[in-house]
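Residue strings, one per chain:
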Amino acid sequence: IPGAHIDIDFTEFNTASAADYIMIYECEDELCLNPTPVAPSRYAGWPNDQSSFGFISPAILLLFVTDGSGNGAGFSATWNATEPFCGSEVFTEASGSFSDGSSNANYHDSADCKWIIAPLGASLVELKFTNLLTEPSYDFVYVLSCEDERCEDLGLQLLAALSGYYAQSQIVLTSQTGVMLVVFQSDLSVTLPGFDAVWTSSTEQLEFCDGDYTLTDPSGSFSDGS
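Here goes a summary of the coordinates provided. If you're wondering where the values come from, they're calculated on a predicted model, not measured in any experiment.

**With respect to the overall build of the protein chain**
Summing up its helical and strand segments, the protein chain has zero helices and 16 strands in all. For 226 residues, the compact-globule estimate of 2.2 N^0.38 gives 17 Å, and the protein chain exceeds it by more than 25% at 24 Å. Considering only C-alpha atoms, the protein chain reaches an extent of 90 × 35 × 30 Å along its principal axes. Across the 226 residues in the protein chain, those meeting the buried criterion constitute 35%.

Spelled out as structure tokens, the structure:
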């Protein structure tokens, strides 16, 4: 499955020593001509190592390496490949909603998803999270303001990096450029329900302060215009 989420669970692992181990690699395709080691790439079994791994990759390569002395019972493992919950999307509607895609389940390990919110003609985009629950300090939702709909690195401004639990409507973020980028990234272990969000936009041109102003009335009010 291209871009599949692949879960590998070791149900048994008993080797003679740390010199006998499994190396884990991510591959661009089933040929695995240029495999990339994952972290931790060397798995020597319980009790000190994790027993479950999650990846978003076209293919995974496992190499079992042993030395010339000692032996053990070896290992048993299961795998499961599923379609990823989220990927990359661009929204041009004036308002709408989206989520991490997991519905009533937990999101996947190793998620890396992006949403660009670029309503046509908008001068302002407001994003509200109706709920958000991720593994604290490990799985993050990043919200950034973009100069334009390409959302290139040089034109990005970080508005928030969210991780953990936030109550309904507790987080409301605004991009005054009319374009916003949302990035969701999770690590290799521990998953939670994720998030749901809604956005609205405005085509009104904001008039910020620009130059010098003279106020002659006896009383009144003023601001920076933002």
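**Focus: the side chain of Ser175**
Checked against the element boundaries, Ser175 lands in strand S14 (residues 172-175). Looking at Ser175, the relative accessible area reads 0%, which means it is buried. Separated by 2.9 Å, the side chains of Ser175 and Ser145 make a polar contact. Polar side-chain contacts of Ser175 include one of 2.7 Å to the backbone oxygen of Val179.

**Observations concerning the packing of aromatic side chains**
Any aromatic ring pair is given by two values, namely how distant the centres are and how the planes are angled relative to each other. The tally for this structure, following the rule as stated, stands at 16 aromatic pairs. Both rings, one in Phe10 and one in Phe75, keep their centres 5.9 Å apart while their planes meet at 70°; by these two values the pair is edge-to-face. Here Phe75 lies in strand S6 (residues 74-82) and Phe10 lies in strand S1 (residues 5-14), a separation of 65 residues in the sequence. Phe10 sits in the buried class, given a relative accessible area of 3%. Relative accessible area serves as the criterion here: at 34%, Phe75 is assigned to the partly exposed category. For the pair Phe98 and Phe195, a centre-to-centre distance of 5.9 Å together with 85° between the ring planes defines the contact as edge-to-face. Within this pair, whereas Phe98 is found in strand S8 (residues 96-99), its partner Phe195 is found in strand S16 (residues 194-202), the two being separated by 97 residues in sequence. Take Phe195: its relative accessible area is 0%, and that puts it in the buried class. Among the aromatic residues, those joined into a ring-pair cluster are Phe91, Phe98, Tyr107, Trp115, Phe129, Phe184, Phe195 and Trp199.

**A closer look at the environment of Tyr142**
Along the chain, Tyr142 falls in strand S11 (residues 140-145). In sequence terms Tyr142 and Lys114 are 28 residues apart; their C-alpha atoms lie 9.4 Å from each other. In this structure Tyr142 touches Leu158, Ala160, Ala161, Leu181, Val182, Val183 and Gln185, once residues within four positions along its chain are discounted.

**A short note on unusual backbone geometry**
Negative phi is the rule for most residues except glycine; trans is the rule for most peptide bonds. Residues other than glycine seldom take positive phi values, yet Ser103 does so here, at roughly 55°. Looking at the secondary structure, you find Ser103 in the loop between S8 and strand S9 (112-117). In this structure, Val190 is a non-glycine residue whose phi angle is positive, near 65°. Mapped onto the elements, Val190 comes out in the loop between strand S15 (180-185) and S16. A relative accessible area of 46% places Val190 in the partly exposed class.

Conventions we followed
Residues numbered from 1 in each chain as written. Predicted model: local features only at pLDDT ≥ 70, side-chain atom pairs only at ≥ 80, totals over all residues. Heavy atoms only, no water. Helix = DSSP H or I, 4+ residues; strand = E, 2+ residues; numbered from the N terminus. Rg over C-alpha atoms; globule rule 2.2 N^0.38 Å. Buried < 20%, exposed > 50% of the residue type's maximum accessible area, 1.4 Å probe, protein only. Polar contact = N/O pair within 3.5 Å; in protein donor to acceptor, adjacent residues only side chain to side chain. Phe/Tyr/Trp six-rings, centres within 6.5 Å; stacked < 30°, edge-to-face > 60°. Contact = heavy atoms within 4.5 Å.

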